[in-house]
Amino acid sequence: MAVFVNGVIFEGVDTHAPDCWRIDAYMARGGYQALKKILEANMPQEDVIAEVKSSGLRGRGGAGFPTGLKWSFMPRSFPGDKYVVCNTDEGEPGTFKDRDILLYNPHALIEGMIIAGYAMGCKAGYNYIHGEIFEAYELFEEALDEARKAGFLGEKILGTDFSFDLFAHHGYGAYICGEETALLESLEGKKGQPRFKPPFPASFGLYGKPTTINNTESFASVPFIIRDGGQKFLEAGKPNNGGTKLFSISGHVNRPGNYEIPLGTPFATLLEMAGGMKDGKKLKAVIPGGSSAPVLPGDVMMGLTMDYDSISKAGSMLGSGAVIVMNEDVCMVKALERLAYFYHEESCGQCTPCREGTGWLYKVIHRIANGEGRPGDLELLDSVGNNMAGRTICALADAAVFPVRSFTKHFRNEFEYLIEHKKSLVDHKWC
Amino acid sequence: MLSAESLAKIDRELAKYPADQFRSAAMSALRIALTERRDTGATPAERCLNADVIEFVANYIGIPPVAAYEVATFYNMYDMKPVGKYKITVCTNLPCALQGGVNAAQYISGKLGIALGETSADGKYTLLEGECMGACGDAPVLLLNNHKMCSFMTPEAIDKKLAELE
């Protein structure tokens, strides 16, 4: 389900119209004007990057790193090939926004990537798409064909000296490939295990060449920024949190779906847009930025605004903008058990602290959830977590530890009760 | 070992990558091989990948067999074990569970008379529990044969879908 409210990517997109994703519909909405503007004016590359910088756009995949700054890291005078890569390997539980971009407005992403290719002097790009959304991959390939036929991709685009081509590559079931260097390994046809950094992809990326990787939503925001100006995008959000953002709301709300709203919108407003709590139940907890973000109690959440700074000040992170809402019927030990299983299942196995640690976290939480917890288990979880976080090549270990720390901090009484009484404090119901 | 149609599809994938980077096409080439086997295999064992198919794909795209094997075994959507004619993967991760994912998995399990992870005795169905498919807003969701996503799978929707699978 897609519910779009007010934002730059889905402006004017009628998601109920079966052809809304096609190039004609996109161009009728003002699509490819930004690319034409750049090419007709022969705009200097650094001016394009400066415009993106001025928008305050921060990486929409989870880390929130300024997109324009990332683009400026690409070496200007590198003699060989350079690549631009899009990360549509959307597998962070709770996140489902990039799928809707591919299904309803893929040309915004294509145009954004062409502009990125122009700004950074790349000749080719790849979009790495989550294998589970295979139908979106097939549709994206069709959209690429449309763009190629219209002369926006290929040799000498619109009669200029700029040539750029773009291809789709699919994953096939590995959460870890959402990590950018694992994604590069996978794009090279290897198992998706993250690389040591440095070197960073801007100097040693795809096939060892300078590469910039951005999230789908980040690229799809670029045409608006170039067409209407970075300042306008910035003003749509709040300082240091420029623009509008897609929030994926799931869980116990009446209307789960994607909501594109200005950064800085109060959480209470977002919850209301999503139809409020299902069955009028009480809000218990919210994971505000995808399963790896620390959980926050419902009452804390009700006082926050949806932007990087507000959520971060409250001890969590905006992440990918995936908001998982839980009501009073959820046993927090059961909820954590399910997340712990996920990280155990998805650890790539490269680093010992993560490979072994995610297994230990799951086993201990599983036994607590099943009334077999032992005194000292919460300390054991702490100890295992401390031996994982920050001790591995990538952040998956940290992502596995954040939920454990935050669930056991904010809902400690439920864990203690279950360990002591061998039954849950809550009469647990998933839904 | 693969049809001309599948080989043509692999050729199109190869064209996406630089001439010295054919290894990049391993993922899609294995997917194409698996899809052909699923569509044409008569038994569960004929519907999954095996060492011979993997070696054939590797030779076709010009990479060492072990490089293709690495890909086939790392990514969990490549079926390396016998699989039913209809492989049903239900997401039971937290966001889906909050919207009926676990209930959907249990309902299908009861209806087909097989537990999660099992294949029915007649080789028709395999039921699996999956991790995040990036479609939590549509929960409960399931993947049919890896590529077809089925959204809002209430018991009624499941009944209807299973009735279509003959």
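Residues take numbers from 1 onward in each chain, read along the sequence in its written order. Written order decides the labels, with chains lettered from A and ligands numbered from 1. Side-chain atom pairs in this predicted model are given and counted only at pLDDT of 80 or more, local residue features only at pLDDT of at least 70, and totals for whole chains, interfaces and linings cover all residues. Only heavy atoms go into the side-chain values, all of them from the structure, while hydrogens and water stay out.

Asker: Explanation requested: the overall build of chain B in the structure shown.
Answerer: Looking only at helices and strands, one finds seven helices and four strands in chain B. Under the scheme used here, helices are H or I runs from DSSP no shorter than 4 residues and strands are E runs no shorter than 2 residues, and both carry numbers assigned from the N terminus. Taken from the N to the C terminus, the helices and strands of chain B come in the order α-α-α-α-β-α-α-β-β-β-α. Computed over its C-alpha atoms, the radius of gyration of chain B comes to 17 Å, within 12% of the 15 Å expected for a compact globule of 166 residues. In terms of overall dimensions, chain B has C-alpha extents of about 50 × 35 × 25 Å along its principal axes. When checking whether two residues touch, look at their non-hydrogen atoms; a contact exists if any pair is within 4.5 Å. Pairs at least 24 residues apart make up 61% of the contacts formed inside chain B by residues separated by at least 6 positions. We take the radius of gyration over the C-alpha atoms and set the globule estimate at 2.2 Å times the residue count to the 0.38 power.

Asker: Looking at this structure, how should I read the pairing of strand β2 (residues 124-129) of chain A?
Answerer: Residue and element names in this part refer to chain A. Across the six residues of β2, six count as buried, placing the element largely inside the fold. A simple rule labels every residue: compare its accessible area, found with a 1.4 Å probe on the protein chains alone, to the largest value its type can have, and call it buried under 20%, exposed over 50%, or partly exposed in between. Both faces of β2 are covered, namely the face carrying A124, Y126 and Y128 and the face carrying G125, N127 and I129. Pairs of strands are assigned from DSSP output, requiring at least two bridges between the strands. Note that strand β1 (residues 83-88) and β2 share six bridges and pair parallel. Each bridged residue has a counterpart across the sheet, and for V84 the counterpart in β2 is G125. Direction of pairing for β2 relative to strand β3 (residues 165-170): parallel, over a ladder of six bridges. Pairing of I129 across the sheet is with H170, part of β3. In this region the chain leaves β2, passes through helix α7 (residues 134-149) and returns to the parallel neighbour β3; the handedness of that crossover is right-handed. When the strands point away from the viewer and the path from the first strand over the helix to the second turns clockwise, the crossover is right-handed.

Asker: Any chance you could explain the interface of chain B and chain A here in plain terms?
Answerer: Accessible area lost upon the coming together of the parts serves often as the stated size of an interface. Contact residues are listed per partner, giving 45 residues for chain B and 58 residues for chain A. Defined in terms of a 1.4 Å probe, buried area is the accessible area two parts forfeit on being brought together, summed over both. Across the interface of chain B and chain A, roughly 4,200 Å² is buried in total on both sides, 58% from carbon and sulfur atoms. Interface area lost by chain B to chain A is led by B:K16, B:L94 and B:L98, which between them contribute 17%. The working definition used for a salt bridge is a side-chain nitrogen of Lys or Arg within 4 Å of a carboxyl oxygen of Asp or Glu. Here chain B is connected to chain A by four salt bridges. One salt bridge connects B:E131 with A:R338, and the closest N-O pair in it is separated by 3.2 Å. We call two N or O atoms a polar contact when they sit within 3.5 Å, provided that within protein one can donate a hydrogen and the other can accept it, with sequence-adjacent residues counted only if both atoms are side-chain atoms. Linking chain B to chain A there are 26 residue pairs in polar contact (both at pLDDT 80 or more). Among the elements of the structure, α2 (26-40), α4 (65-74), α5 (94-97), α6 (101-112) and β4 (148-150) of chain B are those that each provide at least two residues to the side of chain B that touches chain A.

Asker: Mind showing me how you'd approach a nonpolar patch on the surface here?
Answerer: Residues and elements named next belong to chain A. A contiguous nonpolar patch, built from F65, L69 and F73 and spanning about 270 Å² of accessible area, is present on the exposed surface. On the secondary structure map, F65 appears in the loop between α3 (45-54) and α4 (67-72). Looking at F65, the relative accessible area reads 38%, which means it is partly exposed. Patches draw on residues past 30% relative accessible area with no salt bridge. Two like charges within 9 Å are joined, as are two nonpolar side chains (Val, Leu, Ile, Met, Phe, Trp, Tyr) within 5 Å. Accessible surface is estimated by sampling points in the Shrake-Rupley manner with a 1.4 Å probe; for residues, cover comes only from the protein chains shown.

Asker: Help me understand the domain arrangement of chain B in this model?
Answerer: Residue and element names in this part refer to chain B. Here chain B is described as being made up of domain 1 (4-74) and domain 2 (86-165). Listed as interface residues are six residues of domain 1 and, on the opposing side, five residues of domain 2. Carbon and sulfur atoms supply 51% of the area that domain 1 and domain 2 bury against each other, a total of about 390 Å² over both sides. Across the domain 1-domain 2 interface, the total number found is zero salt bridges. For the interface between domain 1 and domain 2, the tally reads two residue pairs in polar contact (both at pLDDT 80 or more). For the domain bounds, the source is a domain assignment made automatically or taken from a database.

Asker: Mind showing me how you'd approach the nonpolar core here?
Answerer: Nonpolar side chains in soluble globular proteins generally cluster together in the buried interior. Counting 161 residues, the largest nonpolar core has A:I110, A:I114, A:M326 and A:F407 as the members making the most contacts within it. Counting residues domain by domain, this core receives three or more from each of domain 1 (4-74) and domain 2 (86-165) of chain B. Excluding anything up to four places from it in sequence, A:I114 contacts A:Y32, A:L35, A:F152, A:L153, A:I157, A:F162 and A:F164. In plain words, nonpolar cores are sets of buried Ala, Val, Leu, Ile, Met, Phe, Trp, Tyr and Cys residues tied together by side-chain atoms within 4.5 Å. Grouped together as the second largest cluster of nonpolar side chains are 22 residues, A:F247, A:I261, A:V286 and A:V325 included.

Asker: How do you make sense of the confidence of the model for chain B when you look at a structure like this?
Answerer: The predicted structure's coordinates, where accompanied by low pLDDT, should not be read in detail. The predictor's confidence in any single residue is recorded as pLDDT, a number from 0 to 100. Taken residue by residue, chain B gives an average pLDDT of 97. The fraction at 70 or more is 100%. Scored as a complex, the prediction yields pTM 0.97 and ipTM 0.97.

Asker: Would you explain the sheet that holds strand β6 (residues 257-262) of chain A in this entry?
Answerer: Strand pairing in a sheet relies on backbone hydrogen bonds, with the paired strands running either antiparallel or parallel. Residues and elements named next belong to chain A. Spatially, β6-β5-β11-β8-β9 is the arrangement adopted by the five strands of the open sheet, whose pairing is mixed. Both outer strands of the open sheet, β6 and β9 (296-297), are each paired with one neighbouring strand and no more. Against the sheet, helix α5 (residues 97-104) contacts β5 (244-251) and β6, and its axis sits at roughly 115 degrees relative to β5. Helix axes use the C-alpha atoms of the stretch in contact, all axes being lines fitted to C-alpha atoms, and the angles between their N-to-C directions lie in the range 0 to 180 degrees.

Asker: So what exactly am I meant to see when it comes to the environment of B:A29 here?
Answerer: In this structure, B:A29 sits in helix α2. The sequence separation of B:A29 and B:K148 amounts to 119 residues, and the corresponding C-alpha distance is 19 Å.

Asker: What is the right way to look at the pattern of salt bridges in this model?
Answerer: Residues and elements named next belong to chain A. In the structure shown here, the tally under the stated rule is 39 salt bridges over all chains. The closest approach of N and O atoms between R148 and D165, which form a salt bridge, is 3.2 Å. Pair noted here: R148 is in helix α7 and D165 is in strand β3, with a separation of 17 residues, a long-range link. The class for D165 is buried, based on a relative accessible area of 19%.

Asker: What is the right way to look at helix α9 (residues 216-228) of chain A in this model?
Answerer: At 3.6 residues per turn, the α-helix brings residues three or four places apart onto the same side. Residues and elements named next belong to chain A. The buried count for α9 comes to eleven of 13 residues, which makes it a mostly enclosed element. Of the positions making up α9, those classed as buried are T216, E217, S218, F219, A220, S221, V222, P223, F224, I225 and I226. Two or three places before E217, at the opening of α9, N215 has a side-chain oxygen 2.8 Å from that residue's backbone nitrogen. Just beyond α9, the residue with positive phi is G229, at close to 100 degrees.

Asker: Before we go on, may I ask you to explain the layout of surface pockets in this structure?
Answerer: Rolled over the atoms, a probe as big as a water molecule pinpoints where empty space is left. Residues and elements named next belong to chain A. By volume, the largest pocket amounts to about 1,300 Å³. For the lining of the largest pocket, the elements supplying multiple residues, two or more each, are α4, β1, α5, α8 (180-187), β4 (211-215) and α17 (396-410). The biggest single contributor to the lining of the largest pocket is β4, with five residues. Any residue that is not Ala, Val, Leu, Ile, Met, Phe, Trp, Tyr, Cys, Pro, Asp, Glu, Lys or Arg is counted as polar, Gly included; the first ten are nonpolar and the last four charged. Among the residues making up the lining of the largest pocket, the classes are represented as 16 nonpolar, 20 polar and twelve charged. There is about 720 Å³ of room inside the second largest pocket. Grid points spaced at 1 Å and placed over the protein atoms alone form the basis of the search, with a cavity being a set where a 1.4 Å probe fits but cannot get out and a pocket an open set showing protein on both sides within 12 Å along at least five of seven lines. Lining residues have an atom within 4 Å of a point. Grid points are joined across faces, edges and corners, and a volume is the space filled by probe spheres set on the points.

Asker: Is there a simple way to explain the packing of helix α16 (residues 377-386) of chain A against α17(A) in this structure?
Answerer: A pair of packed helices is captured by two measures, namely the crossing angle of their axes and the spacing between those axes. Residue and element names in this part refer to chain A. Running from N to C, α16 and α17 point in directions that differ by 150 degrees, and their axes come no closer than 10 Å. Put simply, α16 runs roughly antiparallel to α17. Considering how the two elements wind past one another, α16 and α17 form a crossing that is left-handed. Mapping the contact onto sequence places L378, L381, G385 and N386 in α16 and V401, V404, R405 and T408 in α17. Split by residue class, the contact of α16 with α17 holds four nonpolar, three polar and one charged. Roughly parallel here means an angle under 35 degrees, roughly antiparallel means over 145, roughly perpendicular means 65 to 115, and every remaining angle is called oblique. A crossing counts as left-handed when the near helix is turned anticlockwise from the far one by less than a right angle, and as right-handed when that turn is clockwise.

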